[in-house]
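Observations on the three-dimensional arrangement
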Amino acid sequence: MRRSQRRIALLALSTLVGSILVTTGPAGADPTGPSAAASRSQPEDRESVRLVHIRLTGADMLDKVAAAGFDLEHGLRRVPNGIEGEAVVTAEQVTELTAMGVEVLGDDAGFAWSDEADGGLGVGAASARAAQPANHDATVRVVRADWFTTKGQGFLYVEARTTEGQQADPVVGMQVENDSGKGTPFGFARTMSRFVDSGQYMFHRNLFKLDVRPNKIKLTSSTGGVATGVVSNWLENAPPPLTANPSYKSDFVDGYRHPQQLFSRAKEIARQYPDIAEIVYLPNQTNGYQRKAQAQIGGTGQAAVVVSSTAWGHQGGNDVTVDFVDRPDPDLPLAVEVTGKAVRVLLATDASGAPTSTAAEVAEALRTRSAGLIDRAHPYRTNEGTGVVAPTAGPVALTDFLDQKRVGAPEGEVPRGPATIPVLRIGKHRDGKKPGVLIQAQDHAREWVPATTSLESAERLVHNYRSDRETKKIVENTDVFFILSNNPDGANYSFYNFASQRKNMTNHCPDVSADPAQRNSWGVDLNRNYRVGSGHDGYAGGSTNCVSGTYQGPEELSEPESKNIIWLVEKYRNIKFMMSVHSNGGQLFWQPGAYIADGRITTPRPPLGDEAFYWQSAARILSQVKAHRETVVTPENVGGSSDVLYSSAGNVREDLYHTYGIYAFGWEVGGSVYNPATGDWQGGSFQPEWDGNPELVSGHAETMEYANGIMEMFRVAADWGRDRKNPTSQLVPGAGRYSRPVDVRFETSEPATIYYTTDGSRPTLESPRYAATEFREPGQVFHVTETTTFNWFSVDSAGNIEKNYDPTKNDKRNNYRTATIRIAKR
Ligand SMILES: [Zn+2]
């Protein structure tokens, strides 16, 4: 992972002291009451689930718990001593979690960042050493120091690294001090928390509540390293949002929308605004809101037979009945009679006339002799089916359970069967020449706010196109594709049956997991089903267990919903931006988003230019989110998702960025908001009350604030599409004669990637890329000890090249940049 040294005279100096990022630079709370009790057959293990607040020691435990099938994605949050989150669990699962070492903190409550802002006097040795002159080798670097305010409260976020961070015995501590404005002394020492993930030291980080904005911070490690850095603003002084224009129209969505409503409104918009909107139908139908009809018959445990119809429930499966019939006569063989949709299993008897057929025997008879009505019949879970089945009191009707509505389900019936997903395409010039932006919502079924957020953004585009200058510019300079729900089957299941449904409804489970009591755990996690950094290639965070919340599917792109995304970006090559909209967490992510746990090997990191562009775009997008009601997505929750949160193997962002060069964001809307009344951060949920407290957790408020962010993402894309300005760059300090070794680095006028050589050769796109010192840090520093010529050029995020240099051909002009650092011989 670390850059190797290129030549002896050029040492990549990993001890940049006192550097700091520039502002824009690289720097369901639904308790899911079980639907009405199963009416006709009562599966085992059917228990109510609840949402609990949990704490895990780290990513290793997270992987283990997810692999065991627990559903605890989203709302996850790094805390100094691990990861906190929510789990949707039964009482029995709480016991299992506890046995695995997970701390169950009780029914879900707001998150509280357990910072150590008031402690920090514990590093006595460090304090003593900090008083010494800092003239030894620096071992500490400031990664970020950000100031932000929300609801009248100031916060300082600090990220710092020590080169000795991996050392475990003893662990190297870190202390941070801050001043109280320019020219004031350092003070207020606090201990920082060490962040270790998958066995790898990442950095130290903390969020501190402060009343006065500091100008500088000072870090001191327990082994004596010292660094100072200047504090940057995070989302402060943002330009006014589009909604500040009094004639701008917003607030169109007035409640949650199920997929039929979303899709019907998308089609209506295309009809109402034919000059700027159309529908593109995705080619692969979903596998459908449908289930096989099932029952568990014959008893429990070894005597139970799990039966599934061949036909989908709505296509006749629900009409099938199965009867286990007791006969008085002795020594009868097992037989099956089928009349219409009625299957009668005539149980075998012994010499005394008592039934003797075991569950395994009955299952086999049903599979082979039911005239095709029964598709699957097998013993219960891991049982061999050795128990003798009990006769039934009469015919047992199979059911797909889809008519069992959860409490609070919307009115009406859900259309059964496969769905075709419409994409709402909005843009004045939909000719492939404008930058395309794909907004993909609700990969995860229970995430309702992403759908309303995306719909609200679409409404704002079409309603303001004629009246608002900024909106007109967006519509004329971008080509937007909205997938308002990419998981309509699962979403319907979430609305109508099981509120906490995350995955789609495809059941890939073998018999052991196929009994109806497990139906709420079937399905594929669509955001683990892609091809880059996938679980199939050994990346962490995707499960092979079909009932896990992060089940990755039997193979990459096994699901129609993920195939569709690939189809779309391959058909519309102008799509250069993507936002995968999730909830909840208050996070904005890009690459890397996955790693191989052993060695913590991430997917390739974006080059420095892309990383800087991501940060710049993130600051714009999140400033507009903040503009609505001062919700701050904190910098600790922004960046490569596997750098700040966890590895999610096979997520869509990795595929679109690495395969197609699309700037692929993912965000978790509906994150924590600061509650000045309690002084704590209050966490969100998957389905917050729509009209909840508008200052805290409310589906409506989240929809409005995050729609602001999506609108800003369109402006980012429009600006990108019109960017014809070449970047400029310089070596700092520049060419010249130096009497002793000198530290040099590159600077660019805008987010741009630099390709350079130091051997006198012509720089090309194959030349080394100027890299960050370490991830989330600014560019590296070269320690030049003998005369060296740097040749280089820079490329911005839109592909403009400095001085119009052509790195691909050996043109005569050789119009690249060059600078020679001459070191005097002593
Ligand atoms: Zn999600």
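Please refer to the structure placed before this passage.
Before going into details, it helps to say that this report is about the structure given with it. (Residues numbered from 1 in each chain as written. Predicted model: local features only at pLDDT ≥ 70, side-chain atom pairs only at ≥ 80, totals over all residues. Heavy atoms only, no water.)

**As for the overall build of the protein**
What counts here: Runs of E in the DSSP output that reach at least two residues are strands. Runs of H or I that reach at least four are helices, and both are numbered from the N terminus. To measure how exposed things are, a 1.4 Å probe is used in the Shrake-Rupley method; for residues, cover is taken only from the protein chains shown.
Regarding its fold elements, the protein presents 13 helices and 40 strands. Carbon together with sulfur atoms contributes 49% to the accessible area of the protein, which is approximately 30,100 Å² in total.

**Some remarks on the pattern of salt bridges**
Put simply, the rule is: For salt bridges, the criterion is a side-chain nitrogen of Lys or Arg within 4 Å of an Asp or Glu carboxyl oxygen. Any residue under 20% of the maximum accessible area for its type is buried, any over 50% is exposed, and the rest in between are partly exposed; the area is computed with a 1.4 Å probe on protein chains only.
Tallied over the full model, the rule gives 36 salt bridges. The partner of Glu777 in a salt bridge is Arg161, with the nearest N and O atoms 2.5 Å apart. With Glu777 in the loop between strand S37 (752-757) and strand S38 (781-784) and Arg161 in strand S7 (residues 153-162), this pair connects stretches of sequence that are 616 residues apart. In this structure Arg161 comes out as buried when scored by relative accessible area, which is 4%. Of the charged contacts, one joins Arg265 and Glu268 as a salt bridge, the two residues approaching to 2.8 Å between their closest N and O atoms. Placement of the pair is Arg265 and Glu268 together in helix H4 (residues 259-272), with a separation of three residues, close to one helical turn. A single network of salt bridges, built from pairs that share partners, joins Glu470, Lys473, Arg620, Glu712, Arg715, Asp719 and Arg722.

**Overview of unusual backbone geometry**
With omega at 0 degrees, the peptide bond leading from Asp169 into Pro170 counts as cis. The residue Pro170 is located in the loop between S7 and strand S8 (174-178) in this model. Residue Pro733 is bonded to the preceding Val732 through a cis peptide linkage, with omega at -10 degrees. Tracing the backbone through its elements, the reader meets Pro733 in the loop between strand S34 (729-732) and strand S35 (736-738). Of note in the backbone geometry, Leu557 takes a positive phi value of approximately 55 degrees without being a glycine.

**Looking at helix H5 (residues 359-369)**
To keep things clear, this is the line we draw: Read the arc as the range of directions from the helix axis to the C-beta atoms. Note on contacts: a residue pair is in contact if any heavy atoms of the two residues lie within 4.5 Å.
Buried residues of H5: Ala359, Val362, Ala363, Ala365 and Leu366, and no others. The buried residues of H5 occupy one face: seen down the axis, they fall within an arc of 165 degrees. Summarising the contacts, the buried residues of H5 are in contact with strand S17 (305-312), strand S18 (321-325), strand S19 (335-339), strand S20 (342-346) and strand S21 (374-379). Looking one or two residues past H5, Ala371 carries a phi angle of roughly 55 degrees, positive in sign.

**Thoughts on the sheet that holds S19**
Applied cut-off: In this analysis, strands are considered paired if DSSP registers two or more bridges between them. For every element, the axis is a line fit to its C-alpha atoms; helices are fit only across the contacting stretch, and the angle between N-to-C directions ranges from 0 to 180 degrees.
Overall, mixed pairing links the four strands, which are arranged S19-S20-S18-S22 in an open sheet. Strands with a single pairing partner mark the edges of an open sheet, and in this sheet they are S19 and strand S22 (396-397). In this sheet, S20 lies alongside S18 in parallel orientation, the contact comprising five bridges. Bridging across to S20, Val322 finds its partner in Val343. Each of S18, S19 and S20 touches H5; the most contacted strand, S19, lies at about 40 degrees to it.

**Concerning the packing of H4 against helix H8 (residues 488-496)**
This is how the line gets drawn: Roughly parallel means an angle under 35 degrees; roughly antiparallel means over 145; roughly perpendicular covers 65 to 115; every other angle is labelled oblique. Note that Gly is not counted as nonpolar here; it falls among the polar residues with everything else outside the nonpolar set of Ala, Val, Leu, Ile, Met, Phe, Trp, Tyr, Cys and Pro and the charged set of Asp, Glu, Lys and Arg.
At a minimum axis separation of 9 Å, H4 and H8 run at an interaxial angle of 130 degrees. For the element pair H4 / H8, the angle class is oblique. Taking contact as the criterion, the partners of Pro259, Gln260 and Phe263 in H4 are, on H8, Pro488, Ala491, Asn492, Phe495 and Tyr496. Taken together, the residues that form the contact of H4 with H8 break down as six nonpolar, two polar and no charged.

**Digging into H4**
Convention followed: What a helix is expected to span follows from its residue count: subtract one and scale by 1.5 Å.
End to end, H4 covers 20 Å across 14 residues, agreeing with the expected 20 Å (1.5 Å per residue, within 8%). The complete set of buried residues in H4 reads Pro259, Leu262, Phe263, Arg265, Ala266, Ile269 and Ala270. Each buried residue of H4 lies within a common arc of 160 degrees when the element is viewed along its axis, so the set occupies one face. In this structure, the buried side of H4 is in contact with strand S15 (277-281), strand S23 (422-426), helix H6 (449-464) and H8.

**Quick word on the environment of Ser467**
Its location among the elements puts Ser467 in the loop between H6 and helix H7 (469-477). The sequence separation of Ser467 and Ser247 amounts to 220 residues, and the corresponding C-alpha distance is 7.5 Å. Those residues in contact with Ser467, other than ones at most four positions away along the chain, are Ser247 and Lys249.

**Quick look at the pairing of S19**
For S19 and S20, the ladder comprises five bridges, and the chain directions are antiparallel. For Val336, the partnering residue across the bridge sits in S20 and is Val345. In textbook terms, the turn of a hairpin is the stretch between consecutive antiparallel strands, and for S19 and S20 this stretch comprises two residues, one of which, Gly340, has a positive phi near 60 degrees.

**Examining the nonpolar core**
The cut-off we apply is this: The set of buried Ala, Val, Leu, Ile, Met, Phe, Trp, Tyr and Cys residues whose side-chain atoms join them within 4.5 Å is what this entry labels a nonpolar core.
Counting residues in each nonpolar core, the largest one holds 98 residues, and the members touching the most others are Leu656 and Trp667. Per element, the largest residue contribution to this core is eight residues, and it comes from helix H13 (residues 699-721). Ignoring anything within four residues of it in the chain, the contact list for Leu656 reads Leu438, Ile565, Ile566, Val569, Met578, Gly661, Ile662 and Ala664.

**Describing the side chain of Thr773**
In plain terms, the rule: Any pair of N or O atoms that falls within 3.5 Å is considered a polar contact. Within protein, one atom must be able to donate a hydrogen and the other to accept it, and sequence-neighbouring residues count only if both atoms are side-chain atoms.
Take Thr773: it is sitting in the loop between S37 and S38. A polar contact is formed between the side chain of Thr773 and the backbone oxygen of Gly779, at a distance of 3.3 Å.

**As for the sheet that holds S17**
Here three strands make up an open sheet; going across it, the order is S16-S17-S21 and the pairing antiparallel. What marks the edges here is a single partner per strand, and that holds for strand S16 (292-297) and S21. Pairs of neighbouring strands in the sheet enclose a mean axial angle of 15 degrees, with direction left out of account. Across five bridges, the pairing between S17 and S21 is antiparallel. Within S21, the position partnered with Ser308 by the bridge is Arg376. The strands touched by H5 are S17 and S21; relative to S21, the strand with the most contacts, the crossing angle is about 170 degrees.

**Focus on the packing of aromatic side chains**
This is how it is decided: Any two of the Phe, Tyr and Trp rings considered here, Trp counted by its six-membered ring, make a pair once their centres fall within 6.5 Å; the pair's planes then place it as stacked at under 30 degrees, edge-to-face at over 60, or tilted in between.
Applying the stated criterion across every chain yields a total of 36 aromatic pairs. For the ring pair Tyr770 and Phe782, a centre distance of 5.9 Å and an interplane angle of 45 degrees mean the geometry is tilted. Here Tyr770, found in the loop between S37 and S38, pairs with Phe782, found in strand S38; they are twelve residues apart in sequence, far enough to count as distant. On the basis of relative accessible area, Tyr770 is assigned to the buried category, the value being 4%. Judged by its relative accessible area of 3%, Phe782 is buried.

**Notes on the pairing of strand S2 (residues 50-56)**
Taking burial as the measure, the seven residues of S2 include six buried ones, the bulk of the element. Sheet analysis places S2 next to strand S4 (residues 82-89), joined by seven bridges and oriented antiparallel. Looking at S4, one finds that His53 is bridged to Glu86.

**Overview of the state of the cysteines**
What counts, and what does not: Pairs of cysteine sulfur atoms within 2.5 Å are identified as disulfides in what follows.
According to the stated counting rule, one finds one disulfide in the structure shown. Note that Cys509 is cross-linked by a disulfide to Cys546, the S-S spacing being 2.1 Å. Residues Cys509 and Cys546 are joined through a disulfide that is right-handed, its torsion about the S-S bond being 115 degrees. Of this pair, Cys509 sits in the loop between H8 and helix H9 (560-571) while Cys546 sits in the loop between H8 and H9; the two residues are 37 residues apart in sequence, bridging distant segments of the chain. Exposure class is identical for Cys509 and Cys546. Each is buried.

**Looking at the packing of H6 against H13**
The condition is simple: It is the rotation of the near helix from the far one that decides the hand of a crossing: anticlockwise by less than a right angle makes it left-handed, clockwise makes it right-handed.
Orientation of H6 relative to H13, taken along the N-to-C sense of each, is 55 degrees, at an axis distance of 8 Å. Considered as vectors, H6 and H13 are oriented oblique to each other. Note on packing geometry: the crossing formed by H6 with H13 is right-handed. Every residue of H13 that contacts H6 at Val449, Thr452, Thr453, Ser454, Glu456, Ser457, Arg460 and Leu461 is listed here: Gly699, Glu702, Thr703, Met704, Tyr706, Ala707, Asn708, Ile710, Met711 and Phe714. When grouped by side-chain class, the residues that make up the contact of H6 with H13 number eight nonpolar, seven polar and three charged.

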